[in-house]
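# Per-entry structural report
Below, each chain spelled out in residue letters.
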Amino acid sequence: MPKTIGLICGSLRENSYNRIIAQSLIDMSNTAQFRWIEINDLPLFNEDLEIGGALKTITSFKSAIQGVDGIIIVSPEYNSGIPGALKNALDWASRPRESSVLSGKPVGLIGATPGGLGTVFAQMQIRQILEAMQAHVLPFQKVLISQVHEKIDSDQKVLTDEKTKQYLQRYLQQFIHWIDHTPVLD
Ligand SMILES: Cc1cc2nc3c(=O)[nH]c(=O)nc-3n(C[C@H](O)[C@H](O)[C@H](O)COP(=O)(O)O)c2cc1C
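Being a predicted model, the structure only gives us computed values, none of them experimental. (Residues numbered from 1 in each chain as written. Predicted model: local features only at pLDDT ≥ 70, side-chain atom pairs only at ≥ 80, totals over all residues. Heavy atoms only, no water.)

Looking now at the pattern of salt bridges. Using the criterion set out here, one finds six salt bridges in the structure. Linking Arg 19 and Glu 38 is a salt bridge whose minimum nitrogen-to-oxygen distance equals 2.8 Å. With Arg 19 in helix H1 (residues 17-28) and Glu 38 in the loop between strand E2 (32-36) and helix H2 (56-66), this residue pair connects regions lying 19 residues apart in the sequence. Classification of Glu 38 by relative accessible area gives partly exposed; the value is 39%. In this structure, Arg 95 and Glu 47 form a salt bridge, with 3.4 Å as the shortest nitrogen-oxygen distance. Placement of Arg 95 in the loop between helix H3 (84-93) and strand E4 (106-112) and of Glu 47 in the loop between E2 and H2 is noted, with a sequence separation of 48 residues between them. (Salt bridge = Lys/Arg side-chain N within 4 Å of Asp/Glu carboxyl O. Helix = DSSP H or I, 4+ residues; strand = E, 2+ residues; numbered from the N terminus. Buried < 20%, exposed > 50% of the residue type's maximum accessible area, 1.4 Å probe, protein only.)

Take the UniProt feature "domain: NADPH-dependent FMN reductase-like" (unreviewed entry) in the protein chain next. Mapped onto this numbering, the UniProt entry gives "domain: NADPH-dependent FMN reductase-like" (unreviewed entry) at residues 5-149. Helix makes up 32% of residues 5-149 and strand 19%, with an end-to-end C-alpha separation of 26 Å. (UniProt positions renumbered as here; feature names shortened; annotations may be inferred.)

Right, let's get into the layout of surface pockets. When its volume is computed, the largest pocket comes out at roughly 230 Å³. Taken together, Asp 91, Ser 94, Arg 95, Arg 97, Ser 100, Ser 103, Ala 132, Met 133 and Gln 134 form the lining of the largest pocket. (1 Å grid on protein atoms, 1.4 Å probe; cavity = no way out; pocket = protein on both sides within 12 Å on 5 of 7 lines; lining within 4 Å. Points joined across faces, edges and corners; volume = space filled by probe spheres on them.)

So, on to the pairing of E2. Pairing of strand E1 (residues 3-9) with E2 involves five bridges; the strand directions are parallel. Among the inter-strand pairings, Ile 5 is bridged to a residue of E2, identified as Phe 34. In this fold, the crossover linking E1 to E2 by way of H1 has right-handed handedness. (Pairing = 2+ DSSP bridges. Right-handed = clockwise from strand over helix to strand, strands pointing away.)

Glancing now at the environment of Phe 61. As for its position among the elements, Phe 61 is in helix H2. We classify Phe 61 as buried; its relative accessible area is 4%. Spatially, the C-alpha atom of Phe 61 lies 14 Å from that of Glu 50, the residues being eleven residues apart in sequence.

Okay, structure coming up:
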């Protein structure tokens, strides 16, 4: 059975480089199916909103996560950290605690920036946050794409850099392997 992978982009920007990178995963894969999981419609997290039943946007978002075998987050870095919209989405996914949908879920992390450090600080934070939710983040491998603006065709909105394509291809294979071998939580 081909794996179904949910893609979450940490940028809400229309011409987001990170979204182009995420789209390249869809374009290069013939072994997995992909579904976009959007985070732009989620309200700001507020525990008061949990009272009296979940909101439709939240239940749809959480069902989308539940419905895939694994999630790949492709995110920029803002001020050496996780973008607020992505943190908000992860907080919603984790609540209520007994129905935290990322618990036990295989997750891969990719980040792209026009800068030189490839979103390393954001990824450290995202990993820490996901581990707090007991998500199974693919260990060891990092995809830190620097100078991303030189690696894509902005007009066509496609990744053009061959080395990055090959690296992403390998990462995708490793992630699919990780889905199959992720430890089961009691
Ligand atoms: C508020 C803000 C803070 C940023 N901070 C960083 C940063 O800490 N490190 C970095 O590499 N790029 C930083 N950038 C630049 C982003 O990498 C750049 O805007 C990138 O294009 C955002 O990703 P996107 O194209 O997917 O939207 C920042 C951008 C914004 C808007």
